[in-house]
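Secondary and tertiary structure notes
Here are the chains, one letter per residue:
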Amino acid sequence: IAGITQAPTSQILAAGRRMTLRCTQDMRHNAMYWYRQDLGLGLRLIHYSNTAGTTGKGEVPDGYSVSRANTDDFPLTLASAVPSQTSVYFCASSYRVNTEAFFGQGTRLTVV
Amino acid sequence: DQQVKQNSPSLSVQEGRISILNCDYTNSMFDYFLWYKKYPAEGPTFLISISSIKDKNEDGRFTVFLNKSAKHLSLHIVPSQPGDSAVYFCAASWSNAGNMLTFGGGTRLMVKP
């Protein structure tokens, strides 16, 4: 089934540890995004990539990094996790400008 | 400073009646607006969208209205069904910024049987 796959679905992580959230899409979409969802704040953009080989910072990029080595994969790395990074993380992709973005099922991350 | 705001965190409606969800934005550069629906433990799913060149878009029971002068959009669901109970997010983007979406905080809709 075509779509976006995120892994893991949930994780409890000790503060200070490094963690990579995985995201893969098989729709050949050019653009990919990472959002975090926090209560009352909606979804906020962390990083994005308009095409393979390029990335950019979103609204809340601090403490996160991304890479886009190919069209399908867009991993998000927390170099040294902190409790404020406890959130639900969603990966998304879209084909082109002014079209809807498709979302993965999310990764629930708890940093303790 | 939130550029997209949903001022009602929750809304309760009787089955069969109309649900109206509201959204306000501040950035006049936004030219594309979307509504997403989210069930617990799932990712948001696209519901309906509208371009800034239109003031209304309809898809079955769902209609989105855009008032550019007021920087306001609304989602109407008629008739509301219990399966519509979910969190609804409005989102906005503008062409020159790629397709990055700016989301509102969400409104939880509860449709009572």
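What you are looking at is a predicted structure, and each value in this text was computed from that prediction instead of being measured. (Residues numbered from 1 in each chain as written. Chains lettered and ligands numbered in written order. Predicted model: local features only at pLDDT ≥ 70, side-chain atom pairs only at ≥ 80, totals over all residues. Heavy atoms only, no water.)

**Section: the sheet that holds strand β6 (residues 56-59) of chain B**
All names here are of chain B. The strand order across the open sheet built from five strands is β1-β3-β8-β7-β6, with neighbouring strands paired in antiparallel fashion. The strands lining the two open edges of the sheet, one partner per strand, are β1 (4-5) and β6. In terms of strand pairing, strand β3 (residues 19-25) meets strand β8 (residues 72-77) through six bridges, oriented antiparallel. Paired with I20 across the two strands is H76, which belongs to β8. (Pairing = 2+ DSSP bridges. Helix = DSSP H or I, 4+ residues; strand = E, 2+ residues; numbered from the N terminus.)

**Here's the deal with the state of the cysteines**
All names here are of chain A. One pass over the full model with this rule turns up two disulfides over all chains. Residue C23 pairs covalently with C91 via a disulfide, S to S 1.9 Å. Between C23 and C91, the S-S dihedral sits near -75°, and the bridge is therefore left-handed. With C23 in strand β3 (residues 19-25) and C91 in strand β9 (residues 87-94), this residue pair connects regions lying 68 residues apart in the sequence. (Disulfide = S-S within 2.5 Å.)

**Structural notes on the sheet that holds strand β8 (residues 76-78) of chain A**
All names here are of chain A. A sheet is described by the order of its strands in space; here four strands give the open sequence β1-β3-β8-β7, paired in antiparallel fashion. The open sheet is flanked by β1 (4-7) and β7 (64-66), the only strands paired with a single partner. The mean angle between the axes of side-by-side strands here comes to 20°, regardless of whether they run parallel or antiparallel. Pairing analysis gives three bridges linking β7 to β8, with the strands arranged antiparallel. Within β8, the residue paired with S65 across the bridge is T77. (Axes fitted to C-alpha atoms, helices over the stretch in contact; angles between N-to-C directions.)

**Examining the environment of K37 of chain B**
Residues and elements named next belong to chain B. With respect to the secondary-structure elements, K37 resides in strand β4 (residues 32-38). Note on K37: relative accessible area 11%, which makes it buried. On a C-alpha basis, the gap between K37 and G106 in space is 9.3 Å, while along the polypeptide they are 69 residues apart. Those residues within four positions of K37 in sequence are excluded, and the remaining contacts are G43, P44, T45, G83, D84, A86, V87 and Y88. Polar contacts involving the side chain of K37 include one to the side chain of Y39, which spans 2.8 Å. (Buried < 20%, exposed > 50% of the residue type's maximum accessible area, 1.4 Å probe, protein only. Contact = heavy atoms within 4.5 Å. Polar contact = N/O pair within 3.5 Å; in protein donor to acceptor, adjacent residues only side chain to side chain.)

**Observations regarding the nonpolar core**
Side chains of nonpolar character tend, in soluble globular proteins, to be buried together. The biggest cluster of nonpolar side chains holds 23 residues, and the ones touching the most others in it are F33, W35, L73, L75 and Y88 of chain B. Elements with a contribution of two residues or more to this core: β3, β4, β5 (45-51), β7 (62-67), β8, β9 (86-93) and β11 (107-112) of chain B. In terms of residue count, the dominant contributor to this core is β9 of chain B (four residues). Apart from the residues lying within four places of it in its own chain, the contact partners of Y88 of chain B are Q6, L21, W35, Y36, K37, L47, L75, I77, G106, T107 and L109 of chain B. Grouped together as the second largest cluster of nonpolar side chains are 20 residues, A31 of chain A together with L34, V87 and F89 of chain B included. (Core = buried A, V, L, I, M, F, W, Y, C linked by side-chain atoms within 4.5 Å.)

**What to know about the interface of chain B and chain A**
Frequently, the measure chosen for interface size is the accessible area removed from exposure when the parts meet. Between chain B and chain A, the residue contacts involve 21 residues of the former and 20 residues of the latter. Of the roughly 1,700 Å² buried between chain B and chain A, counting both surfaces, carbon and sulfur atoms make up 59%. Between the two partners, chain B and chain A, sit zero salt bridges. At the boundary of chain B with chain A, the tally comes to two residue pairs in polar contact (both at pLDDT 80 or more). Going through the elements one at a time, β4 and β9 of chain B are the ones with two or more residues in the side of chain B that touches chain A. A per-element tally of the side of chain B that touches chain A places β4 of chain B first, with four residues. Grouping the constituent residues of the side of chain B that touches chain A by class yields 10 nonpolar, eight polar and three charged. (Buried area = accessible area lost by both parts, 1.4 Å probe. Salt bridge = Lys/Arg side-chain N within 4 Å of Asp/Glu carboxyl O. Nonpolar A, V, L, I, M, F, W, Y, C, P; charged D, E, K, R; others polar.)

No statement about biological role is implied by the geometric values presented.
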